[in-house]
Every structure is written in structure tokens, then in C-alpha cells.
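# Observations on the three-dimensional arrangement
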Amino acid sequence: MRRFLSMTVLLCFLFSATAMLFARGQPEEEGTDIAEAEGLPREQTLILQNPEGSISNPGWFNIWVGGGGGLSTGLQQLAMDTFWFVDPNEGIDGVTYNSLASGPPEYNSDYTEMRVNLRSGIYWSDGVEFTADDVVYTVETQMNTPGMNWNGPFSEQVASVEAIDDYTVHFTLQAPNSRFHSLFSVRWNAAWMMPKHIFEQVDNPLEHSFDPPVGLGPYTLHSYDINGSWYIWERRDDWERTTVAEFGEPAPRYVIYRDGGPTDRRLIEMRNGNLDMIHDLTPEGMFSIVEQDPTTRGWFDGFPYAHPDPTLPQVIFNHQDPKFQDSRVRWALALMLDAQALSMASYRGAATLSAIGIPPTGTHPDDYHEPMQDWLIDYTIEAGGQTFQPYDPDLTLRIADTVRGEFGDEVPTDEAEIRRAFGYGWWGQNLDAAAALLEDAGFTRQGNDWYMPDGSRFGFTVMIPQDGVINRLGTMVAQNWQQAGVNATAEAAPDTWDRQAVGDYEVNIAWSVETWGGHPDLSWFLDSWHSQYVVGPGEEQPARNWMRWEHPELDRIIEEIRTVDFDDHERNVELGQQYARLVVDEMPFIPIMSYNVFVVMSERYWTGYPTADNPYANPVNNWANSRYIFNMLEPVSQ
């Protein structure tokens, strides 16, 4: 009984201590001031929406192992660090940041070795200095531990890693790779450094929760809700000993990442002053809040408001399905689409269209979209003995005119601004050209219905997510095809990404193109499209060639990119344009638009957010690159 009572008292004490430390308030009701509830000065606190919602295992901070913890809780944005960051837009002072590295990677002549020089004077949040030993430990531990997030890339690519001295690391690679450093370059995230002095005391790194986290970033964990609905971070007293110090002191003393709830609740919380940044809204939600709350704004000052992310929603064909192995069929399906209808159905006109296989965001319009306009306008296809010019450079101008009737002066009138916001053009719907292409491919038409060369009806299922703008986009794509005589049926599935990975689909609306955004190099997604990675039907396809497209010219371009320096701007753009022209010729997928994110920023308490006029960062706050926003913010005098 004494042992029972002692254990009961101990458990009660531990529970109470945990509750006091981590759950000093649970602001579940609309209108709750979370900063006030936690005793934080609102004018020193930035509150952001965590798009992950409430976290299932809130005390799991081991970011190197999936364990039910969150990433968009502030963990990768405020506490983690690695060698380099590549901004999706223009950056504060250039696109590439040397973070833990003091300069760019140094390769030998054949890219089989890489040297990294580290900054000195950088400290973990518990006061231990960061050195090359942490780097070696990070790489070797993950190489030798299946189940850790970077086990595959490190074990496949690294022959050895050694610390030359406290601030120099040398990698020997298993094969030439001019892009090995991209594993340590943050796009959305990257391979984060592990604190050796913490994990070397752990029996099994796969089971260690890492609570509280010890990080290299400028903030430390203050507290979190045991139900996973919010996380509070506090600026380190020694923030000068972190890599962001070169840009000045991060302005907010406290940063809160919280579950924003459904769209309606997010709108209420921002209007009540309990959210400063909303990660994303529906188009309708965005239009509503900028009208009702004059302190709010989006990426663009007016319509279309949203930030074009460096991700390209597209029509993905399964190339291992015989229906889609003829480029004439794929081109015909592209010319059956009404781009204005797609834009209005998905984003209510606030889409940024792209006719080429590169998202129209960041620096890509300057490197790819604008320079390729003349080539696209002159581009022709031959079908049925006729020549067609499929590109329509004025389509996006007409979309702007259409939405101007509803949104008036919020819609830009300058042509250059329209093209930046709505895209540079797209393929004009041309049912005659589509019919000629199908007939050349051996198809026949009975009434309005198309039949394949074997006499069976031409039809297939279009897989789409269960809700959201991509659901709306895919529904309209299928409707366009139905109207043109193709028996296409939209299927809303809960597991689209899992099915796509194993090739369990005919057509899917998703994306296989994701770029750096602020850098012209396309290898971040393109290298994985090499034919060496394509697997057989039913096998799981490595990211990101979900089409399972194979082409000798594609392989040639990829192999050449592998030999070109990452920062050789001219050569990278040249190879990127070769890729873009190949995609137009073959139409292996139908590029549609960038993934536009309706970020909302309230200027009630803070100013200095990134915008289209000051594009120093991606405003989408679950990206790790968003950490630089905190250095640029300024408080609004109350």
C-alpha cells in the first residue's frame, strides 16, 4: 500500500509538473486571446497558423524520425539549422544563404568529393558550440540507422565523411554528384544537424523524443499544449550566436504556432487579433477577409492576392497505361481544355497559369516564361494535314478582364503585372486540332463520342483529392473532356498520393514538378525523372516521376545537368529551357498552374512581411525559409 501511495503521489506530481510546463492554457474557443491566456505581451508576440492542425504526438521533437510530431510547429522554422538555405523568391541579399556553412560547397574537379567550411562561434541553445563533429555524427548516425529520414540518401551517396578540424568537413562520395549539397540546402526543409552531445547519450535514436529540443536556431521552446493545438517559442538571449544574427535581431520575442481550425474560424481569429499570419485560405475566404479587415493583405496587394508557390499542379498521365503512350493523344487532351474555365473553377480566376513544365513563380518568369514567349507563340503542331499554332498569349489578359467585373480596381491593368499575377499565356482550346490529332492516332468518332483504334470507347478515371482547389480543378478537367467526347470520370479518393506512388491510377491531378523557385536549377525534381529510377507497374515509384515517363532526350538533359555547377546560371537556364521545350513537344503531362497559396498577413501588430513588391521570402509560414521573416518584421506602435 505504501508503494502504491508513493507511486500515486509521484505520478500526480509528474502530471502536474507537465501540465504546468506545457499546458498552461488550452484556447479552444473562438475569440480566445492565446497570448493573454499564456501571459505573453501581445505587442511582442507573433501568432501563426500551423496548417498541420493539432499534432497527434505533441511531445515528439525528433525531426530525424517520423513519430507523430509536427514540422510546422516552429520546430524546423525556429530551432533547426543546416548548411544552406535557398529562397523560393529573391531572398534578403540574394537567393542563397550560407547558414552553418561559411561559404558555398567546394567540389573537386569530378564532383566525387565535397568540402564544407563551417562558421565558428555558432552555439546550440544549451550553450555547447556547434562543430564539425556534429556534422559527422549527423551523417554517420543516419547512414547507419535504417528508419531515420535521411538514411537512404546518405547511405546511397556517401562513402565517408570526416572532420578535418573543428570547422571543416570533407565528404567522399560513392559517385560523381554536382548536386550532393542540395541534401543540406533548404527548399522546404533539408537534412538538419543533430546535436552530438545529446544523441550520443541516447540508446536508440529512433525512440528518443528529443523533448525539449536543443537547436541551433534563434528560438527555444517555451511551452506547448499537451493536446497539440499550440506551441510557444521564445527568442534566445544569445540569439547573436545563431546564423540569422547577420540580419539583426528577430523582432518577436515570442512566436506561437497554433491550430487555426477551419476557414471560418481562421477568419474570426484574425479579425479578433488572435492570428497574425494565416497559412492558407480558400479563395472565397481570402476575398472576404481583405474586404472586411483593412489591416490584412495577401502576397499581391490586390487580386489575385495569393503567393504562387514553386509547385506545379498538372494533369499526370500514367505512361505505363497504353492509352497515354502516344503524344498525339496527350496533346489532343490538352487542347480540349478551357484554361479560363479551369482558372475560374479552381481559384475563381486567381490562378497563375503555366504552359510549360515550370511553375511561374520566384525568378522563373525571368529565366523561363518571358524569354520563351516568342518560341511559344511561333510553336506549331501538324495534324490532319493542317498546321496549328496552339499557344494563346492573351488568354490570361482575358481572365483578368473577366474578374475585373467583380473585383474592379483590385485587378491590375498593367500588362506586365497581369502576366506576373495570372501567367504569361496558355494553350487555347481547339477542338478541331484535338480531333485531327486523335484521328491521326487512329481514333474514330461516333456522334460526339471518341473511340480508340481497337474500337473501345475512349475513357478513363481522373483521380482527384476529396476537397480543395485541386478537387475543383480536376472536376472541371474531367468535365471539359466529357464535353469533348471523352468518357472521363472524376474520382475523389482519400489516398491519391499513395495510389499515385504505385501507379494505381490512369490520370491524376497533382504535381510532380517542384522547384527551388528562386534558383534556375531544376535538378531538385528533374534528377528523379531519369529512366534509371522508373519501376515496373505496381511497384512504388521513387519521388517524383509519378508519370513514369521515359525519354532518351530527357536522360541526356538530366545527365548533363549533373555535370554543371549549381551556380552556372547561363548553362542551367539553357538546359532548363531544353527541358521545357521537350515537355511542350511530348506533352508527357499537362502543366496547368502554380499552386497558389492564399496567405493572409495582418498588419495590426506587425509590418514588414514579404510581398510581391518586396519578395525577400516566401510568406507561406510552414516553409523553413520563413525564419528570415522574423528578422525583417517591425512592431506596429500601439
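Residues numbered from 1 in each chain as written. Predicted model: local features only at pLDDT ≥ 70, side-chain atom pairs only at ≥ 80, totals over all residues. Heavy atoms only, no water.

### Describing the side chain of N177
What counts is decided by this rule: Every helix listed is a DSSP run of H or I at least four residues long, and every strand listed is a run of E at least two residues long, numbered separately from the N terminus. N or O atoms closer than or at 3.5 Å make up a polar contact, with two conditions inside protein: a donor-capable atom paired with an acceptor-capable one, and, for residues adjacent in sequence, both atoms drawn from side chains. Between two residues, a contact is recorded if the distance between any of their heavy atoms is within 4.5 Å.
Of note, N177 is situated in the loop between β7 (168-173) and β8 (185-186). In this structure the side chain of N177 is engaged in a polar contact, spanning 2.8 Å, whose partner is the side chain of Q157. With sequence-adjacent residues up to four places away left out, N177 is seen in contact with Y107, Y111 and Q157.

### Thoughts on the nonpolar core
So the rule is basically this: Working definition of a nonpolar core: buried Ala, Val, Leu, Ile, Met, Phe, Trp, Tyr and Cys residues. They are joined through side-chain atoms within 4.5 Å. For each residue, the accessible area found with a 1.4 Å probe, counting protein chains only, is set against the maximum for its type, and the residue is called buried under 20%, exposed over 50%, and partly exposed in between. As annotated, the domain borders come from an automatic or database domain assignment.
Counting residues in hydrophobic clusters, the biggest one holds 125 residues, and the most contacted among them are L333, W481, W529 and Y579. Three or more residues apiece are contributed to this core by two domains, here domain 1 (42-298 + 599-635) and domain 2 (307-597). Contacts of L333, omitting those with residues within four sequence positions, involve F317, F324, F458, F460, W481, V486 and I590. Grouped together as the second largest cluster of nonpolar side chains are 77 residues, L46, L48, V186 and I629 included.

### Remarks on the packing of helix α7 (residues 263-271) against helix α8 (residues 283-292)
Put simply, the test is: Only C-alpha atoms enter the line fits that serve as axes; for helices the fit covers just the stretch in contact. Angles between N-to-C directions range over 0 to 180 degrees. The scheme is simple: roughly parallel for angles under 35 degrees, roughly antiparallel for over 145, roughly perpendicular for 65 to 115, oblique for anything else. Definitions for this section: a left-handed crossing has its near helix turned counterclockwise from the far helix by less than a right angle. A right-handed crossing has that turn clockwise. Under the scheme applied, nonpolar residues are Ala, Val, Leu, Ile, Met, Phe, Trp, Tyr, Cys and Pro; charged residues are Asp, Glu, Lys and Arg; polar residues are all the others, including Gly.
Across the interface, α7 lies against α8 with an axial gap of 11 Å and an inter-helix angle of 20 degrees. Considering the angle they form, α7 stands roughly parallel to α8. Every pair of crossing elements has a handedness; the one defined by α7 and α8 is right-handed. Of α8, the residues touching α7 (which contributes T263, L267, M270 and R271) are G285, I289 and Q292. For the contact of α7 with α8, the per-class residue count stands at 3 nonpolar, 3 polar and 1 charged.

### Considerations on the domain arrangement of the chain
Defined as follows: Accessible area that two parts lose when put together, with a 1.4 Å probe and added across both, is what the buried area reports. For this document, the term salt bridge refers to a Lys or Arg side-chain nitrogen within 4 Å of an Asp or Glu carboxyl oxygen.
Entries for the chain in the domain assignment read domain 1 (42-298 + 599-635) and domain 2 (307-597). On a C-alpha basis, the centroid separation for the pair domain 1 and domain 2 is 31 Å. For the pairing of domain 1 and domain 2, the buried interface totals around 2100 Å² over both sides, and the portion due to carbon and sulfur atoms is 57%. Area buried by domain 1 at its contact with domain 2 is led by R179, R187 and F287, which between them contribute 33% of it. For the pair domain 1 and domain 2, the number of links is 2 salt bridges. D521 is paired through a salt bridge with R179; the nearest N and O atoms lie 2.9 Å apart.

### A look at the pairing of strand β6 (residues 158-165)
Definition in use: Two strands make a pair as long as DSSP finds a minimum of two bridges between them.
As judged from the 6 bridges shared by β6 and β7, these two strands associate in the antiparallel manner. Bridge pairing in β7 places S160 opposite T172.

### Notes on the sheet that holds strand β2 (residues 84-86)
The sheet built from 3 strands is open, its strands ordered β3-β2-β8 with mixed pairing. Two strands bound the open sheet, and with one partner strand each, they are β3 (96-98) and β8. Summarising the sheet, β2 and β8 pair through 2 bridges and their orientation is parallel. By the bridge assignment, F85 is partnered in β8 with V186.

### As for the sheet that holds strand β25 (residues 589-591)
Here we have 5 strands laid out as an open sheet, ordered β23-β22-β24-β15-β25, and mixed in their pairing. For this open sheet the edge positions go to β23 (487-492) and β25, each flanked by a neighbour on one side alone. Within this sheet the neighbouring strands show an average axis-to-axis angle of 20 degrees, counted without direction. Bridge count for strand β15 (residues 314-317) against β25 is 3 bridges, and the pairing is antiparallel. When the sheet's bridge partners are listed, V315 is paired in β25 with I590. Against the sheet, helix α9 (residues 327-335) makes contact with β15, β22 (459-464) and β25, and its axis sits at roughly 30 degrees relative to β25, the strand it touches most.

### Examining the environment of G59
Here G59 shows up in the loop between β1 (45-50) and α3 (75-79). A C-alpha to C-alpha distance of 34 Å links G59 and V95, two positions 36 residues apart in sequence.

### Examining the layout of surface pockets
Rule in force here: Using a 1 Å grid laid over the protein atoms alone, points where a 1.4 Å probe fits but cannot get out form a cavity; open sets with protein on both sides within 12 Å along at least 5 of 7 lines form a pocket; any residue with an atom within 4 Å of a point counts as lining. Grid points are joined across faces, edges and corners, and a volume is the space filled by probe spheres set on the points.
Of the volumes computed, that of the second largest pocket is approximately 540 Å³. Lining of the second largest pocket is provided by 25 residues; of these, W299, F300, R420, A612 and D613 occupy positions nearest its centre. For the lining of the second largest pocket, the secondary-structure elements that each account for two or more residues are β14 (307-309), α11 (364-369) and α14 (415-422). Among the elements that make up the lining of the second largest pocket, the one with the highest residue count is α14 (3 residues). Residue composition of the lining of the second largest pocket, by class: 11 nonpolar, 6 polar and 8 charged. Both domain 1 (42-298 + 599-635) and domain 2 (307-597) contribute no fewer than three residues apiece to the lining of the second largest pocket.

### Structural notes on the environment of T611
Along the chain, T611 turns up in the loop between β28 (606-607) and α21 (629-632). Put simply, T611 and P58 are 553 residues apart on the chain and 32 Å apart in space, counted from C-alpha to C-alpha. Sequence-distant contacts of T611, that is, excluding residues within four places in its chain, are made with R297 and W299.

### Re α8
When we look at burial in α8, the residues that qualify are P283, G285, M286, F287, I289 and V290. Elements that come into contact with the buried residues of α8 comprise α7, β13 (296-297), α10 (339-347), α13 (395-407), α16 (469-483) and β27 (600-602).

### Points about the packing of aromatic side chains
Centre distance and the angle of the planes are the two values used to describe a pair of aromatic rings. Where we set the bar: The pairing test for Phe, Tyr and Trp rings, Trp by its six-membered ring, is centres within 6.5 Å, and the orientation test on the planes gives stacked under 30 degrees, edge-to-face over 60, and tilted for anything in between. By definition, being over a ring means that NZ of Lys or CZ of Arg is both within 6 Å of the ring centre and within 35 degrees of the ring normal.
Inspection of the entire model under this criterion finds 48 aromatic pairs. Centroid distance F458 to F460: 5.5 Å. Interplanar angle 65 degrees. Geometry classified as edge-to-face. In this structure F458 comes out as buried when scored by relative accessible area, which is 0%. Judged by relative accessible area, F460 falls into the buried class, the value being 3%. A network of ring pairs unites the aromatic residues F83, W84, W150, F154, F171, F180 and F184 as a single cluster. The positively charged end of R187 is found above the aromatic ring belonging to W524, 4.5 Å away from the centroid. Stacked on the ring of F85, the Lys or Arg R627 has its end atom at 4.0 Å from the ring centre.

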